[in-house]
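# Structure assessment
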Amino acid sequence: MVNNTVSIPSLAAHDPLVELRGVNKFYGDNQVLRNIDTIVNRGEIVALIGPSGAGKSTLCRAINRLETINSGEILIDGVSLPDEGRQLATLRADVGMVFQSFNLFAHKSVLENVSLGPVLVRKMKKADAEKIAMEHLERVGVANQAHKMPAQLSGGQQQRVAIARALAMNPKVMLFDEPTSALDPEMVAEVLDVMLDLAKTGMTMIVVTHEMGFAREAADRVIFMADGQIVEEAPPETFFSAPATSRARDFLQKVLAR
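In this report, the structure presented in the accompanying data block is examined.

Cut-offs applied
- Residues numbered from 1 in each chain as written.
- Predicted model: local features only at pLDDT ≥ 70, side-chain atom pairs only at ≥ 80, totals over all residues.
- Heavy atoms only, no water.
- Helix = DSSP H or I, 4+ residues; strand = E, 2+ residues; numbered from the N terminus.
- Rg over C-alpha atoms; globule rule 2.2 N^0.38 Å.
- Buried < 20%, exposed > 50% of the residue type's maximum accessible area, 1.4 Å probe, protein only.
- Contact = heavy atoms within 4.5 Å.
- Lys, Arg positive; Asp, Glu negative; His and termini not counted.
- Charge placed at Lys NZ, Arg CZ, Asp CG, Glu CD.
- Axes fitted to C-alpha atoms, helices over the stretch in contact; angles between N-to-C directions.
- Parallel < 35°, antiparallel > 145°, perpendicular 65-115°, else oblique.
- Left-handed = near helix turned anticlockwise from the far one by under 90°.
- Nonpolar A, V, L, I, M, F, W, Y, C, P; charged D, E, K, R; others polar.
- Salt bridge = Lys/Arg side-chain N within 4 Å of Asp/Glu carboxyl O.
- Core = buried A, V, L, I, M, F, W, Y, C linked by side-chain atoms within 4.5 Å.

## Topic: the overall build of the protein chain
Counting its secondary structure elements, the protein chain contains 9 helices and 10 strands. Over its C-alpha atoms the protein chain spans a radius of gyration of 18 Å, differing by no more than 12% from the 18 Å that the globule rule assigns to 258 residues. Summarising its shape, the C-alpha atoms of the protein chain cover approximately 55 × 40 × 35 Å along the three principal directions. Sorting the 258 residues of the protein chain into buried and exposed places 54% on the buried side. Expressed as a percentage of contacts within the protein chain between residues at least 6 apart in sequence, the contacts between residues at least 24 apart total 68%. Taking the average place of the 27 positive charges on the side chains of the protein chain and the average place of its 31 negative ones, the gap between the two points comes to 4 Å.

The structure is reproduced here in structure tokens:
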């Protein structure tokens with residue numbers, strides 16, 4: 001159990017886009033999220049870091065209701081996420097999600113993968129959706145792969161397609177669940193570069209990551225989790241140079257020594 005919890009208010013201009021209020025999550029008797037309270041403001045980049053099993057990915061997936069919660073409330077742009085139904089689908093469309101393992105449709109081309117959501121969910125005409133898809137594929141540097149199948153692409157290219165797919169829905173916030181963890185080391189940089197470029201556009205981003213360099217360079221705020229709790233949150237320059245808790249200091253000593 002973590003006892004030296006430090007809680008501070010959100011550090012960006014106060015314009016809440018994602019709010020978590022007293023969020024708890026159990027898997028059977030195992031509590032994986034413990035009374036999570038935090039706000040992510042519009043335009044803010046938040047890096048979620050911490051040891052394996054800390055609850056980071058569960059928290060990220062709960063924001064998109066891919067994981068249900070046992071108690072508490074999650075709001076997107078002031079609207080509480082419902083458990084199911086059409087309203088949930090509408091709100092979920094405003095939350096882009098990029099997974100560890102790409103999750104592209106293997107039987108559809110890159111262009112089809114990116115344009116499918118706008119057609120099915122946003123009810124766009126196919127030609128309009130494909131135009132938007134190509135714009136985002138260009139944005140992430142893989143427009144020349146548009147007519148290939150996912151299996152013909154490298155892991156880094158597939159992850160950039162996954163980012164383009166999420167962006168094509170014109171989301172209010174982007175969630176990244178360890179987007180580089182399944183990549184070979186030489187492919188990590190190309191995905192992080194795309195994410196850094198995206199951060200500069202003002203997109204609201206919540207990023208679960210083990211890439212401390214990205215957290216330090218791109219994030220407005222670092223949230224450090226352990227044992228299902230938010231132990232500490234601070235601007236990256238403060239967190240990395242002078243962590244306030246022994247748990248965070250121990251973690252940084254281990255990860256930065258690698």
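## What to know about the packing of helix α5 (residues 155-167) against helix α6 (residues 185-199)
Remark: α5 packs on α6, axes separated minimally by 8 Å, with the N-to-C direction vectors making an angle of 20°. The angle between α5 and α6 places the two elements in the roughly parallel class. Both α5 and α6 take part in a crossing whose hand is right-handed. Each of G155, G156, Q157, Q159, R160, I163 and L167 in α5 lies in contact with α6, whose residues at this interface are M187, E190, V191, V194, M195 and L198. Class assignment for the residues of the contact of α5 with α6 results in 7 nonpolar, 4 polar and 2 charged.

## Remarks on the pattern of salt bridges
For the structure shown, the criterion picks out 13 salt bridges. Measuring nitrogen to oxygen at the nearest pair gives 3.0 Å for the salt bridge that ties E19 to R21. You can call R21 partly exposed: its relative accessible area is 39%. Three or more residues are tied together by salt bridges with common partners; here these are D15, R42, D77, D94, R122 and K172.

## Points about the nonpolar core
Residues L137, I163, M174, F176, M195 and M205 are the most contacted members of the largest nonpolar core, which totals 38 residues. Only α3 (110-120), α4 (126-139), α5, β7 (173-177), α6, β8 (204-208) and α7 (212-218) provide two or more residues apiece to this core. Of all the elements, α6 adds the most residues to this core, at 9 residues. When neighbours within four sequence positions are excluded, F176 is seen to be in contact with C60, V98, I163, M195, L198, M205, I206, V207 and V208. Residues A62, M97, V173 and L175 belong to the second largest nonpolar core, which totals 30 residues.

## Describing the packing of α3 against α5
Interhelical geometry of α3 versus α5 gives an angle of 25° and a closest axis separation of 8 Å. Classified by the angle between their axes, α3 and α5 sit roughly parallel to one another. In this structure, α3 crosses over α5, and the sense of that crossing is right-handed. Seen from α3, the contacting residues are V110, N113 and V114; seen from α5, they are V161, A164 and R165. Classifying every residue of the contact of α3 with α5 gives 4 nonpolar, 1 polar and 1 charged.

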